[in-house]
Amino acid sequence: MDNKTELREFLTSRRAKIRPEDYGLPAGTSRRVPGLRREELAALAGVSVSWYTRLERGNAVGASDAVLDAIARTLRLGEIERRHLFDLTRGANNAGPKPVRRRSPAPAIRTTLQLVMDQMTEMPAVVQNGRGDILAMNALGKALFAGLIAGAAGASKVGALNHARYIHLDPGAQRFYVDWDQVASYSVAMLHVTAGRNPHDKDLTNLIGELATASEDFRVRWAAHDLHEHQSGVKRVHHDVVGDMDLIYETLSLPGESALSMYIYTAVPGSASADALRLLGDWHAPCPPEAAILPTTAKGGMEPGA
């Protein structure tokens, strides 16, 4: 979680993805590693080899926005990758004493936001931060992620209700997410984005350390330095109660709630997934008080016709 190390490994991984022939350079047979050489990238970006070498070693002193843009263009970075490069450079370029890693304040959301979510009775809604800590759910969200909640309760950890922890450490996640491999990669990629923006978040550092220690698969995915931000898409899940569902999701940023997002799930009207989602709501709906009192005879049996 050292920004200088992250900057070095990110640039190295992205340089390895650029083929020499993409820029009309001979691939040759003497290349010891894939991708462009440092001197080739420096020449294409219009910077000196010595300066780029320092940058790739984590020394971001003197890295202007214009130069970083030139490097980003040469590496053919997407917008998320470009912003990540700037985030890492700012963190690595932070002069002075080493910043103290801060523990995040206790998670909380506005009461009114929870009230709004509670009125959303036909679609699951979940609020979480960039670490994957789940801060709020509505009733259908709790029904959808019942396995995550049960696993967190069994883990007996402070802050165990965390989506990333569920995905990478709970075997139930591989049954729940039909496309678990993609979900796992996206989860790691989202943590990379968050780490670049918040390099001194102690809770984030602890979470990444925990996942890397417990999961070799997580370590391999982390080393790839891929990046991702959830916006919208389809999640294919298998729920133990209602079976398979293809759920459409949208991600909403919450004004006034720093770094929090709401994930809202629904299904195509009239589809089998919509029927399953409606059944899930019925299954999770609380039993009315009067339904719990069954009329009985003096002998303890049910009244005829009850």
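Scroll up to find the structure.
Presented here is a report on the structure given in the accompanying data block. (Residues numbered from 1 in each chain as written. Predicted model: local features only at pLDDT ≥ 70, side-chain atom pairs only at ≥ 80, totals over all residues. Heavy atoms only, no water.)

**Notes on the sheet that holds strand 1 (residues 125–129)**
The five strands lie next to each other as 2-1-5-4-3, forming an open sheet whose pairing is antiparallel. Both outer strands of the open sheet, strand 2 (134–137) and strand 3 (232–239), are each paired with one neighbouring strand and no more. When the angles between neighbouring strand axes are averaged without regard to direction, this sheet yields 30°. In the sheet, strand 1 pairs with strand 5 (residues 260–266) via five bridges, with the strands oriented antiparallel. (Pairing = 2+ DSSP bridges. Helix = DSSP H or I, 4+ residues; strand = E, 2+ residues; numbered from the N terminus. Axes fitted to C-alpha atoms, helices over the stretch in contact; angles between N-to-C directions.)

**Comments concerning the nonpolar core**
If you look at the biggest cluster of nonpolar residues, it comprises 29 residues, and the most contacted ones within it are Leu144, Phe145, Tyr177, Met245, Leu247 and Leu280. Of all the elements in the fold, those that place two or more residues in this core are strand 2, helix 7 (139–144), helix 9 (163–169), helix 10 (172–176), helix 11 (180–197), strand 4 (243–253), strand 5 and helix 14 (272–284). With residues near it in sequence (within four places) discarded, Leu280 still touches Leu140, Ala143, Leu144, His239, Val242 and Met245. (Core = buried A, V, L, I, M, F, W, Y, C linked by side-chain atoms within 4.5 Å. Buried < 20%, exposed > 50% of the residue type's maximum accessible area, 1.4 Å probe, protein only. Contact = heavy atoms within 4.5 Å.)

**Comments concerning the layout of surface pockets**
Each pocket or cavity is described by its volume, and for the second largest pocket that value is around 440 Å³. The wall of the second largest pocket is formed by 20 residues, among which Thr121, Glu122, Met123, Leu140 and Arg278 lie closest to the centre. With six residues, helix 14 is the largest single contributor of residues to the lining of the second largest pocket. Split by residue class, the lining of the second largest pocket holds 11 nonpolar, five polar and four charged. (1 Å grid on protein atoms, 1.4 Å probe; cavity = no way out; pocket = protein on both sides within 12 Å on 5 of 7 lines; lining within 4 Å. Points joined across faces, edges and corners; volume = space filled by probe spheres on them. Nonpolar A, V, L, I, M, F, W, Y, C, P; charged D, E, K, R; others polar.)

**Focus on the packing of helix 2 (residues 38–45) against helix 4 (residues 65–74)**
Closest axis-to-axis distance for the helix 2/helix 4 pair is 9 Å, and the angle between their directions is 120°. As judged from the angle between their axes, helix 2 and helix 4 are oblique. Between helix 2 and helix 4 lies a crossing whose hand is right-handed. Every residue of helix 4 that contacts helix 2 at Leu41, Leu44 and Ala45 is listed here: Ala70, Ile71 and Thr74. For the contact of helix 2 with helix 4, a count of residues per class yields five nonpolar, one polar and no charged. (Parallel < 35°, antiparallel > 145°, perpendicular 65-115°, else oblique. Left-handed = near helix turned anticlockwise from the far one by under 90°.)

**Description of unusual backbone geometry**
Of note in the backbone geometry, Arg76 takes a positive phi value of approximately 55° without being a glycine. You can see Arg76 is positioned in the loop between helix 4 and helix 5 (79–92). Even without being a glycine, His225 presents a positive backbone phi close to 60°. For His225, a relative accessible area of 2% translates into the label buried.

**What to know about the pairing of strand 2**
Both strand 1 and strand 2 contribute to a ladder of three bridges, which runs antiparallel. Bridge pairing in strand 2 links Gln128 to Ile134. Following strand 1, the chain reverses through four residues before pairing antiparallel with strand 2; Gly132 in that reversal takes a positive phi of roughly 95°.

**Focus on the side chain of Asn129**
Checked against the element boundaries, Asn129 lands in strand 1. On the basis of relative accessibility, which here comes to 12%, the residue Asn129 falls in the buried class. Polar side-chain contacts of Asn129 include one of 2.9 Å to the backbone nitrogen of Asp133. The residues touching Asn129, leaving out its near neighbours within four places in the chain, are Ala259 and Leu260. (Polar contact = N/O pair within 3.5 Å; in protein donor to acceptor, adjacent residues only side chain to side chain.)

**A word on helix 1 (residues 3–17)**
The first and last C-alpha atoms of helix 1 sit 21 Å apart over 15 residues, in line with the 21 Å expected at 1.5 Å per residue. Looking only at helix 1, the buried set comprises Asn3, Glu6, Leu7, Phe10, Leu11, Ser13, Arg14 and Arg15. Elements that come into contact with the buried residues of helix 1 comprise helix 2, helix 3 (49–56), helix 4, helix 5, helix 11 and helix 13 (216–223). (Expected span 1.5 Å × (residues − 1).)

**Structural notes on the packing of helix 1 against helix 3**
Helix-helix packing is described using two parameters, namely the angle between the two axes and the distance between the axes. The geometry of helix 1 relative to helix 3 is characterised by a closest axis approach of 8 Å and an angle of 120° between their N-to-C directions. Put simply, helix 1 runs oblique to helix 3. Touching Leu7, Arg8, Leu11, Thr12 and Arg15 of helix 1 are Tyr52, Leu55 and Glu56, all from helix 3. Among the residues making up the contact of helix 1 with helix 3, the classes are represented as four nonpolar, one polar and three charged.

**Here's the deal with the pairing of strand 3**
When strand 3 meets strand 4, the two strands line up antiparallel, connected through eight bridges. Note that in strand 4 the partner of Val237 across the bridge is Met245. Counting the residues that bridge the hairpin from strand 3 to strand 4 gives three residues.

**Details of the pattern of salt bridges**
Side chains bearing opposite charge may pair, as long as their charged atoms lie close to each other. This structure, assessed with the given rule, holds 20 salt bridges. Note that Arg131 and Asp201 form a salt bridge whose closest N and O atoms lie 2.8 Å from each other. Pair noted here: Arg131 is in the loop between strand 1 and strand 2 and Asp201 is in the loop between helix 11 and helix 12 (202–214), with a separation of 70 residues, a long-range link. We classify Arg131 as buried; its relative accessible area is 11%. Linking Asp217 and Arg221 is a salt bridge whose minimum nitrogen-to-oxygen distance equals 2.6 Å. Placement of the pair is Asp217 and Arg221 together in helix 13, with a separation of four residues, close to one helical turn. Put simply, Asp69, Glu79, Arg82, Arg83, Arg197 and Glu229 are held in one network by salt bridges that share partners. (Salt bridge = Lys/Arg side-chain N within 4 Å of Asp/Glu carboxyl O.)

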